Amino acid sequence: MLLYKRQTTVKKQRPVNLALSTIQFPAPAIASILHRITGVIMLVALVFLTWALVTSLQSEQQFNWVSSLMDTFLAKFIAWGILTALGYHLLAGLRHLVMDMGHWEELQSGKLSAKVAMVLAIVLSVLAGVWLW
Amino acid sequence: MVRVASTFGRSGTHDYVLVRATAIILTLYALFMVGFFVATPEVTYQVWTGLFANLWVKVFTLLAYTAVLIHGWIGIWQVLTDYVKKSSRRAFVQLVVSVALIVMWLTILFVLWGV
Ligand code: HEM
Ligand code: HEM
């Protein structure tokens, strides 16, 4: 029964390309998936940020504890990762808003703005690293 | 299969507008926070609690958490509806994320209350 149904609903045998490494991803495609990945990263990051905010506001001891945690490489590295994700998600998000208003939607401008967003995000990421360390 | 084209708002269009509106609030709050850390030479407990003692900082912070609740709720829904095909599994992950967002919202509310 099930087999029969499947055969009638899928009419064409469509080609499947599993050689993923041979597919070229244009800049806007990379910009898009990075925006998605950084969005999910920010959701996870929110747990850390909320924890740090809540703990640091409880008492002076707890504040100093979190503060000393921030001196460790791991915490700085996490903070750097969060800032990098935030910077990219924010820039690509602003690009989204501009595109929603009808700009940068041509092939040329779409590619350029995707690249600009990614380059600016790298600059922000380096600045965040310099600032934290 | 995805049967309903929206999760938080009344329609897909409503969801779309909510994501954009909350994105702007989150941008402003992120700039504010980074600006605070950059402009403050040494963040001590007194400075930190002094900041959150301001009524407008409490309001702004709660506003940002409200924004991220809505933004993250719709955001994870968009991701899940693309990749998780099984409805029960999708509903489960959505529930976990949504409850986590609500718990964080409530936690921040009560913590800010006491500062
Ligand atoms: C967007 C992400 C983050 C930013 C902007 C950030 C940046 C900073 C900076 C530069 C300071 C000042 C350090 C000092 O003056 O001694 C600080 C302090 C602090 N960090 Fe982070 N960090 C971030 C994420 C985190 C994470 C993941 C944790 C937890 C491990 C954390 C916990 C804290 C707390 C509660 C303070 C209290 C203020 C202080 O001690 O100065 N932060 N943060
Ligand atoms: C803690 C903060 C944030 C979190 C947790 C977060 C999370 C997410 C997630 C999970 C998505 C769904 C991604 C997708 O469907 O591909 C998303 C979408 C989006 N985010 Fe954020 N975000 C945050 C901050 C921001 C900021 C500051 C902006 C600033 C412009 C922004 C702009 C957007 C936009 C425009 C979309 C919609 C993209 C689309 O329709 O495809 N977000 N966000």
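Rules behind the numbers
- Residues numbered from 1 in each chain as written.
- Chains lettered and ligands numbered in written order.
- Predicted model: local features only at pLDDT ≥ 70, side-chain atom pairs only at ≥ 80, totals over all residues.
- Heavy atoms only, no water.
- Near = heavy atom within 4 Å.
- Polar contact = N/O pair within 3.5 Å; in protein donor to acceptor, adjacent residues only side chain to side chain.
- Helix = DSSP H or I, 4+ residues; strand = E, 2+ residues; numbered from the N terminus.
- Nonpolar A, V, L, I, M, F, W, Y, C, P; charged D, E, K, R; others polar.
- UniProt positions renumbered as here; feature names shortened; annotations may be inferred.
- Contact = heavy atoms within 4.5 Å.
- Expected span 1.5 Å × (residues − 1).
- Salt bridge = Lys/Arg side-chain N within 4 Å of Asp/Glu carboxyl O.
- Donors = N, O, S within 2.8 Å, 3.2 Å for Na, K, Ca; no water.
- Tetrahedral: all angles 85-135°; square planar, octahedral: opposite > 155°, others 65-115°.
- Buried < 20%, exposed > 50% of the residue type's maximum accessible area, 1.4 Å probe, protein only.
- Lys, Arg positive; Asp, Glu negative; His and termini not counted.

Considerations on the site of ligand 2
The immediate surroundings of ligand 2 are formed by 21 residues, with Arg36 and His89 of chain A together with Thr27, His71 and Gln78 of chain B found nearest. Neighbouring residues of ligand 2 are not confined to one chain but are distributed across chains A and B. Separating an oxygen atom of ligand 2 from a side-chain N or O atom of Arg36 of chain A is a distance of 2.6 Å. With respect to ligand 2, the side chain of Arg20 of chain B contributes an N or O atom lying 3.2 Å from an oxygen atom. For the shell around ligand 2, the secondary-structure elements that each account for two or more residues are helix H2 (27–58) and helix H4 (73–100) of chain A together with helix H1 (12–39) and helix H3 (55–83) of chain B. At six residues, H2 of chain A tops the list of elements feeding residues into the shell around ligand 2. Residue composition of the shell around ligand 2, by class: ten nonpolar, nine polar and two charged.

Thoughts on the UniProt feature "binding site: a ubiquinone" (unreviewed entry) in chain B
The positions UniProt marks with the feature "binding site: a ubiquinone" (unreviewed entry) are Tyr83 of chain B. By the secondary structure assignment, Tyr83 of chain B is in helix H3. Excluding residues within four positions of it along the chain, Tyr83 of chain B makes contact with Ile33 and Arg36 of chain A. Looking at Tyr83 of chain B, its side chain comes within polar contact range of the side chain of Arg36 of chain A, at 3.1 Å.

Topic: the site of ligand 1
In the neighbourhood of ligand 1, 14 residues make up the surrounding shell, with Ser56, Val66, Ser67 and Met70 of chain A together with Val43 of chain B lying closest. Mapping the residues adjacent to ligand 1 onto the chains of the assembly identifies chains A and B. The contact in question runs from an oxygen atom of ligand 1 to an N or O atom on the side chain of Ser67 of chain A, over 2.5 Å. At 3.3 Å from an oxygen atom of ligand 1 is found a main-chain nitrogen or oxygen belonging to Val43 of chain B. Of all the elements in the fold, those that place two or more residues in the shell around ligand 1 are H2, helix H3 (60–69) and H4 of chain A. Sort the elements by how many residues they give to the shell around ligand 1 and H4 of chain A lands first, with four residues. Tallied by class, residues from the shell around ligand 1 come to twelve nonpolar, two polar and no charged.

Regarding H1 of chain B
Over its 28 residues, H1 of chain B extends 40 Å from the first C-alpha to the last, a length consistent with the 40 Å expected when each residue adds 1.5 Å. The elements touched by buried residues of H1 of chain B are H4 of chain A together with helix H2 (45–53) and H3 of chain B.

Some words on the interface of chain A and chain B
Contact with chain A, which involves 24 residues of that partner, is made by 32 residues of chain B. For the pair chain A and chain B, the interface holds two salt bridges. For Arg36 of chain A, the salt bridge is made with Asp82 of chain B, and the minimal N-O distance between the two is 2.7 Å. Remark: the boundary between chain A and chain B carries six residue pairs in polar contact (both at pLDDT 80 or more). Elements that contribute at least two residues to the side of chain A that touches chain B include exactly H2, H3 and H4 of chain A. No other element matches H2 of chain A, which puts twelve residues into the side of chain A that touches chain B.

Digging into the coordination of the iron atom of ligand 2
Every protein donor of the iron atom of ligand 2 is listed here as His89 of chain A (NE2) and His71 of chain B (NE2), and their distances to the metal cover 2.0 Å. Seen from the iron atom of ligand 2, its six donor atoms lie at angles of 87 to 179°, and the figure they make is octahedral. Taken together, the residues span two chains, with His89 of chain A in helix H4 and His71 of chain B in helix H3.

A few points about the side chain of Lys58 of chain B
Looking at the element boundaries, Lys58 of chain B is found in helix H3. Buried Lys58 of chain B, no salt bridge; nearest opposite-charge side chain is Glu60 of chain A, N-O distance 17 Å. A distance of 3.4 Å separates the side chain of Lys58 of chain B from the backbone oxygen of Phe52 of chain B, its partner in a polar contact. With residues near it in sequence (within four places) discarded, Lys58 of chain B still touches Phe52, Ala53, Leu112 and Val115 of chain B.

As for the UniProt feature "transmembrane region" (unreviewed entry) in chain B
Residues and elements named next belong to chain B. When the UniProt feature table is mapped onto this chain, "transmembrane region" (unreviewed entry) is found at residues 21–39, 59–80 and 92–113. This span, residues 59–80, is 100% helix and 0% strand, and a straight line between its end C-alpha atoms measures 31 Å. With 100% helix and 0% strand, residues 92–113 has end C-alpha atoms that lie 32 Å from one another.

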